[in-house]
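What follows is the residue order along each chain.
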Amino acid sequence: MADESGSGSADFGHVPVLAHRCVELLTPALTRYDPAGSKAVLVDATVGAGGHAERFLSSLPGLRLIGLDRDPSALDIARARLARFAGRLTLVHARYDDLAAALTESGYSAMESVDGVLFDLGVSSMQLDRAERGFAYAKDAPLDMRMDPSAALTAADIVNTYDEAELADILRRYGEERFAHRIAAQIVRQRARAPLTSTAELVALLYKAIPAGARRTGGHPAKRTFQALRIAVNDELESLSRALPAALAALTVAGRIVVLAYQSLEDRMVKRVFAEAVASRTPPGLPVELPGHGPRFRSLTRGAERADAAEVERNPRSAAVRLRALQRIGKGG
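None of these values were measured; they are calculated from a predicted model.

K.L.:
I keep staring at unusual backbone geometry and nothing clicks. Help me out?
P.N.:
Trans is the common state for peptide bonds, and a negative phi is the common state for residues other than glycine. Not every positive phi belongs to a glycine, and glutamate 112 is a case in point at roughly 50 degrees. Within the element layout of this structure, glutamate 112 appears in the loop between helix H4 (99–105) and strand E4 (114–120). Phi is positive for aspartate 235, which is not a glycine, with a value near 55 degrees. For aspartate 235, the location among the structural elements is in the loop between helix H11 (223–234) and helix H12 (236–250). What makes aspartate 235 partly exposed here is its relative accessible area of 24%.

Here it is in structure tokens:
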């Protein structure tokens, strides 16, 4: 989640990734009523600090935007950043897999009611930059990693209470960490002496657990473990698996969805769900295929699109992004 340029962006410390491309892909669905986007509804399912939302609300003076985020501090920043659009903006404290309920609470149907949906996945720049949140392995902080601070489970809970097999499974499944069993065993040994409570303690443990030769390649040795713990704490992949079908079902005919993913597990899931949607003759929300009905979606991108060199230079966090987009072309039953 990390304006090439734009009003207020520097003030809020958030640079939205591929903002121009997101606007380019979604605008045709948002302006089919009129060029101002009147009557059009866009769901920003991961509104964060409001960088992408600001672009859309600025360029489409009739657009209605519903912004979701699980992080209350992100919603506070978005509310301040987007205050001038308050009459066209609804912000909801919710995870993206609560999209259907958020639409209902905002006065819309969960089925075929919105014109665009945007997902900007992963941990946000704001969360990474705030050391006390515990997302960054380069900064010492409590082992937290909750995107929603009111949630119960923390990274400290996982490393100090899960058994060795569960820890190894999380590291292998969510971090694709080839030394998952060595790391899990080291965690169990160390916590027997004293609980792990800080990111610095965990990083030091990882340097011990991962062989020296492996530490010299593949990036920081803590990268995969921190990713795995963050995904587990926030139930990210399971939430995404529920959110994507809900978003597809919410789109009107000619509506569009854009997803920005930053790591391979997320992108694989988006690729699979999108491929199934393009091939499927089953209207979203129905359990069986209807005879005589054609595909309900078409792809708007050829594979996954990447940020160009100029954007990566301006905003290094865009280097990992993979963008995929679909358009709904058939009515659901």
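K.L.:
Please explain the pattern of salt bridges as it appears in this structure.
P.N.:
Pairs may arise between side chains of opposite charge once their charged atoms sit close together. Per the stated rule, a full pass over the model turns up 19 salt bridges. A salt bridge links glutamate 176 to arginine 268; the nearest nitrogen and oxygen atoms lie 2.6 Å apart. Residue glutamate 176 is found in the loop between helix H7 (164–175) and helix H8 (180–193), and its partner arginine 268 is found in helix H13 (residues 264–279); the two are separated by 92 residues along the sequence. Of the residues examined, arginine 268 reaches a relative accessible area of 45% and is grouped as partly exposed. A salt bridge links arginine 224 to glutamate 177, with the shortest nitrogen-to-oxygen separation between them at 3.0 Å. Taken together, the positions of arginine 224 in helix H11 and glutamate 177 in the loop between H7 and H8 put the pair 47 residues apart, joining distant regions of the chain. Among the residues examined, glutamate 177 registers a relative accessible area of 2% and is labelled buried. Taken together, the shared-partner salt bridges connect Arg95, Asp97, Asp235 and Arg242 into one network.

K.L.:
Is there a simple way to explain the environment of alanine 151 in this structure?
P.N.:
Mapped onto the secondary structure, alanine 151 falls in the loop between helix H5 (125–129) and helix H6 (155–161). In this structure, the C-alpha to C-alpha distance between alanine 151 and arginine 70, residues 81 residues apart in sequence, is 9.6 Å.

K.L.:
Sorry, what's going on with the sheet that holds strand E3 (residues 89–93) here?
P.N.:
By definition, the strands of a sheet pair up through backbone hydrogen bonds, in either a parallel or an antiparallel sense. Spatially, seven strands are ordered E3-E2-E1-E4-E5-E7-E6 in an open sheet, and the strand pairing comes out mixed. Looking along the sheet, the strands with just one partner apiece sit at the ends: E3 and strand E6 (297–299). Sheet twist, expressed as the mean angle between neighbouring strand axes with direction ignored, is 15 degrees. Direction of pairing for strand E5 (residues 251–261) relative to strand E7 (residues 322–328): antiparallel, over a ladder of six bridges. Across the sheet, residue valine 259 finds its bridge partner in E7, namely arginine 324. Packed onto the sheet, helix H3 (residues 72–81) meets strand E2 (64–69) and E3 and runs at close to 170 degrees relative to E3.

K.L.:
Would you mind showing me how to read the pairing of E7 here?
P.N.:
Moving residue by residue along a regular strand, the side chains alternate between the two faces of the sheet. When you tally the buried positions in E7, you get six out of seven residues, the bulk of the element. Sheet topology note: the E6/E7 ladder contains three bridges and is antiparallel. Its bridge partner lying in E7, serine 299 is registered against leucine 326.

K.L.:
For this particular structure, what's the right way to read H13?
P.N.:
One full turn of an α-helix is made of 3.6 residues, so residues set three or four places apart face in the same direction. Compared with an ideal rise of 1.5 Å per residue, which puts 16 residues at 22 Å, H13 spans 22 Å between its outermost C-alpha atoms and is within 8% of the ideal. Along H13, the residues classified as buried are Leu265, Glu266, Asp267, Met269, Val270, Val273, Phe274 and Ala277. Its side-chain oxygen 2.8 Å from the backbone nitrogen of leucine 265, glutamine 263 forms the N-cap of H13.

Analysis parameters
Per chain, residue numbering runs from 1 following the sequence as it is written. The model is predicted, so local features are restricted to residues of pLDDT at least 70 and side-chain atom pairs to those at 80 or more, both for listing and for counting; the totals for chains, interfaces and linings are taken over all residues. Only hydrogens and water are set aside when side-chain values are computed; all heavy atoms of the structure are taken into account. Runs of E in the DSSP output that reach at least two residues are strands. Runs of H or I that reach at least four are helices, and both are numbered from the N terminus. Here's how the labels work: a residue is buried when its accessible area is under 20% of the maximum for its type, exposed when over 50%, partly exposed in between, all with a 1.4 Å probe on protein chains only. Whenever a carboxyl oxygen of Asp or Glu lies within 4 Å of a side-chain nitrogen of Lys or Arg, that contact is scored as a salt bridge. Strand pairing requires that DSSP identify at least two bridges connecting the strands. Lines fitted to C-alpha atoms define the axes, with helix axes restricted to the stretch in contact, and inter-axis angles between N-to-C directions lie between 0 and 180 degrees. Whether two residues are in contact is decided by their heavy atoms, any of which lying within 4.5 Å being enough. Each residue after the first adds 1.5 Å to the expected span of a helix. Nitrogen and oxygen atoms within 3.5 Å of one another constitute a polar contact, given that in protein one can donate a hydrogen and the other can accept it, and given that sequence-neighbouring residues count only through two side-chain atoms.

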